[in-house]
Amino acid sequence: MSKNPDSAENTTAVSLRELRARRLIAQLLAPSAAHPLASTLQSLEPLSAISTVAEWMIATQFQLRNSGLEALAIRAGASTQQVEEAITQGLIVRSWSQRGTHHALFAPDVSWVTRVCTPRVQAASTKRRPILWLTNEDVDTSRAALIKALSASDSPLSRTDCYEVFRSAGVDPGEQRGPHMLRHFGGEGEIIQGPFSGNADSFVLHDSVVSQARDVDRKKGREAAIVELAARYINSRGPATPQDFSWWAGLTVKECKDAFAAVASQGKSTQVTCNNITYHMGNWQQEVTHEELNIALTLELRLPAFDEYLLAYKDRSQVIEPHLTPEVGPSKNGMCWPFLVENGEVLGRAPQSAG
């Protein structure tokens, strides 16, 4: 790294290649002895390693089941079957924590991260109800009925079971009303997804699965919770910008700029510049060696659809050429496909695996 004398804050200037390498290392896709998990991850049993990785990543995109399983497995050095077992045991939770999209979270984090990230999505969801011929009373009735049914059940309820609960309560789940309500309830944090039931989703009460919720927002307040979330995002995704964090978390840009400034003022982040843009990264990255950066760029990776290496940032131009976005995603209808990475750059869609 070299100092940039033209920067008002005299931040360190890094090349685009170095930025890519640092993101690979931060996201546990390349090794570094400086990484906070370097000394512990390899010594952990698979399920503990998966939980630790999920905690480090905060929320890992899990829109597609197999892709989500693979994303955590790659980072934990585990199998996809072991990731699924971690979900079955309630060590990690798949839920709608942000952007109205499925993510996997370390179980103690799921409720507070969801409450912090979902208000704007929840507000938009509420506005859609007239289109679905749903009233607020319908939603309240369905919520109460579902919580009662989950409380009385010894096992998770399938999506079909949940729809039957709504129907029995006098609310027709047809014409997308059922999916809408389940997603809305998931955004509230009290109802979360349980283990897969075959290939189908299941649902449980948060408190029946998570015994030690962190509840950062309730203990410290929403503003402090956003700062904590920003610090963890910077550590696990940096170098990144407040705008990247805003996209990822679903928060306003102002909230994210304020949070990034707070993290910096607490001495918990380091700023660098690349192509005259200021990025934030965890202080631990100052100990990453040139050799480790170079090794990261020699890796040839096949990453799953929706992987955080691509999806965790608003501006993806640092790692993918614009003409490749329609091929890799996200497409106009939100789809993504597995992709290849060399030198930290997305080369295109990965060929389908044989068999």
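Quick caveat, the model's predicted, so the values are computed rather than measured. (Residues numbered from 1 in each chain as written. Predicted model: local features only at pLDDT ≥ 70, side-chain atom pairs only at ≥ 80, totals over all residues. Heavy atoms only, no water.)

## Things to note about the pairing of strand β10 (residues 277-282)
As a reminder of what qualifies: If DSSP finds at least two bridges between two strands, the strands pair. Runs of H or I in DSSP of at least four residues are treated as helices and runs of E of at least two as strands, each being numbered from the N terminus.
Bridge count between strand β9 (residues 269-274) and β10: six bridges; the pairing is antiparallel. Looking at the pairing, Cys274 lines up with Ile277 of β10. Turn length for the β9-β10 hairpin, with the two strands adjacent in sequence and antiparallel, is two residues, and the turn residue Asn275 shows positive phi of about 50°.

## Looking at the layout of surface pockets
Stated formally: The pocket and cavity definitions rest on a 1 Å grid over protein atoms only: a 1.4 Å probe that fits but cannot leave marks a cavity, an open set with protein on both sides within 12 Å along at least five of seven lines marks a pocket, and residues lining either have an atom within 4 Å of a point. Grid points are joined across faces, edges and corners, and a volume is the space filled by probe spheres set on the points. Amino acids are sorted into nonpolar (Ala, Val, Leu, Ile, Met, Phe, Trp, Tyr, Cys and Pro), charged (Asp, Glu, Lys and Arg) and polar (every other residue, Gly among them).
The space that makes up the largest pocket amounts to roughly 360 Å³. As for the largest pocket, its lining consists of 18 residues, of which Leu28, Pro31, Leu41, Gln42 and Arg75 are closest to the centre. For the lining of the largest pocket, the elements supplying multiple residues, two or more each, are α2 (46-57) and α3 (65-76). Residue contributions to the lining of the largest pocket peak at three residues, all from α3. For the lining of the largest pocket, a count of residues per class yields 13 nonpolar, four polar and one charged.

## Considering the sheet that holds strand β11 (residues 300-303)
Filter applied, for reference: Whenever a helix is involved, its axis is fitted only over the stretch in contact; in every case the axis is a line through C-alpha atoms, and angles between N-to-C directions fall within 0 to 180 degrees.
Taken together, the three strands give an open sheet; going across it, the order is β11-β12-β13, and neighbouring strands pair in antiparallel fashion. The sheet is open, and its two borders are formed by β11 and β13 (345-349), each paired with just one other strand. Sheet twist, expressed as the average angle between the axes of neighbouring strands with direction ignored, equals 25°. With four bridges joining them, strand β12 (residues 339-342) and β13 adopt antiparallel strand pairing. Within the sheet, the bridge partner assigned to Glu342 lies in β13 and is Glu345.

## Looking at the packing of helix α7 (residues 136-152) against helix α9 (residues 177-188)
Each pair of packed helices gets described by two things: the angle between the helix axes and the distance between those axes. Operational definition: Here the angle decides the label: under 35 degrees means roughly parallel, over 145 means roughly antiparallel, 65 to 115 means roughly perpendicular, and every other value means oblique. Residue contacts are defined here by distance: any two heavy atoms, one from each residue, within 4.5 Å place the two residues in contact.
Where α7 contacts α9, the axes come no closer than 11 Å and their chain directions differ by 70°. The orientation of α7 relative to α9 falls into the category roughly perpendicular. Of α9, the residues touching α7 (which contributes Asp138, Val139, Ser142, Arg143 and Leu146) are Met181, Leu182, His184, Phe185 and Glu188. Its residues assigned to classes, the contact of α7 with α9 shows five nonpolar, two polar and three charged.

## Side note on empty space enclosed by the protein
Taken as a whole, this structure holds one cavity of 30 Å³ or more when the rule is applied. The space that makes up the largest cavity amounts to roughly 40 Å³. In terms of lining, the largest cavity is formed by Trp96, Gly100, Thr118, Val121, Gln122, Arg183 and Gly187. For the lining of the largest cavity, the elements supplying multiple residues, two or more each, are α6 (119-127) and α9. Tallied by class, residues from the lining of the largest cavity come to two nonpolar, four polar and one charged.

## Focus on the sheet that holds strand β8 (residues 202-205)
Read across the open sheet, the three strands follow the order β6-β8-β7; overall the sheet is antiparallel. Unpaired on one side and paired on the other, β6 (157-158) and β7 (191-193) mark the two borders of the sheet. Bridge analysis of β6 against β8 gives two bridges, and the strand direction is antiparallel. Its bridge partner being in β8, Leu157 is matched across the sheet by Phe203.

## Describing the pairing of strand β4 (residues 92-98)
Cut-off, in case you're wondering: The buried label applies to any residue whose accessible area, calculated with a 1.4 Å probe on protein chains only, is under 20% of its type's maximum; exposed applies above 50%, and partly exposed to all values in between.
Most of β4 sits out of view: seven of its seven residues are buried. In this sheet, strand β5 (residues 101-106) lies alongside β4 in antiparallel orientation, the contact comprising five bridges. Note that in β5 the partner of Gln98 across the bridge is Thr101. Hairpin geometry of β4 and β5 is characterised by an intervening segment of two residues between the two adjacent antiparallel strands and by a positive phi of about 60° at Arg99.

## Quick look at the packing of aromatic side chains
What characterises a pair of aromatic rings is the spacing of the ring centres plus the angle enclosed by the ring planes. Here is the rule we go by: Only Phe, Tyr and Trp rings are paired, with Trp represented by its six-membered ring, and only when their centres lie within 6.5 Å; those with planes under 30 degrees apart are stacked, over 60 edge-to-face, the remainder tilted.
According to the stated counting rule, one finds eight aromatic pairs in the structure shown. With a centroid separation of 6.2 Å and 65° between ring planes, the pair formed by Trp56 and Trp284 is classed as edge-to-face. Placement of the pair is Trp56 in helix α2 and Trp284 in the loop between β10 and α15 (290-298), with a sequence separation of 228 residues. With relative accessibility at 13%, the residue Trp56 sits in the buried group.

## Considering the nonpolar core
So the rule is basically this: Nine residue types can take part in a nonpolar core, namely buried Ala, Val, Leu, Ile, Met, Phe, Trp, Tyr and Cys, and a core is a set of them joined through side-chain atoms within 4.5 Å.
By size, the foremost hydrophobic cluster in this structure holds 49 residues, and its most contacted members are Leu72, Ile92, Leu310 and Val346. Here this core gets six residues from one element, more than from any other, and that element is α2. Beyond its immediate stretch of four places on either side in the chain, Leu72 contacts Val53, Ala54, Thr60, Phe62, Val83, Ile92 and Ala104.

## Examining the environment of Ala249
Relative to the helices and strands, Ala249 is located in helix α13 (residues 242-249). On a C-alpha basis, the gap between Ala249 and Thr114 in space is 9.5 Å, while along the polypeptide they are 135 residues apart. With residues up to four places along the chain from it excluded, the contact list for Ala249 reads Gln98, Cys117 and Leu229.

None of the figures reported here should be taken as evidence of function without further support.
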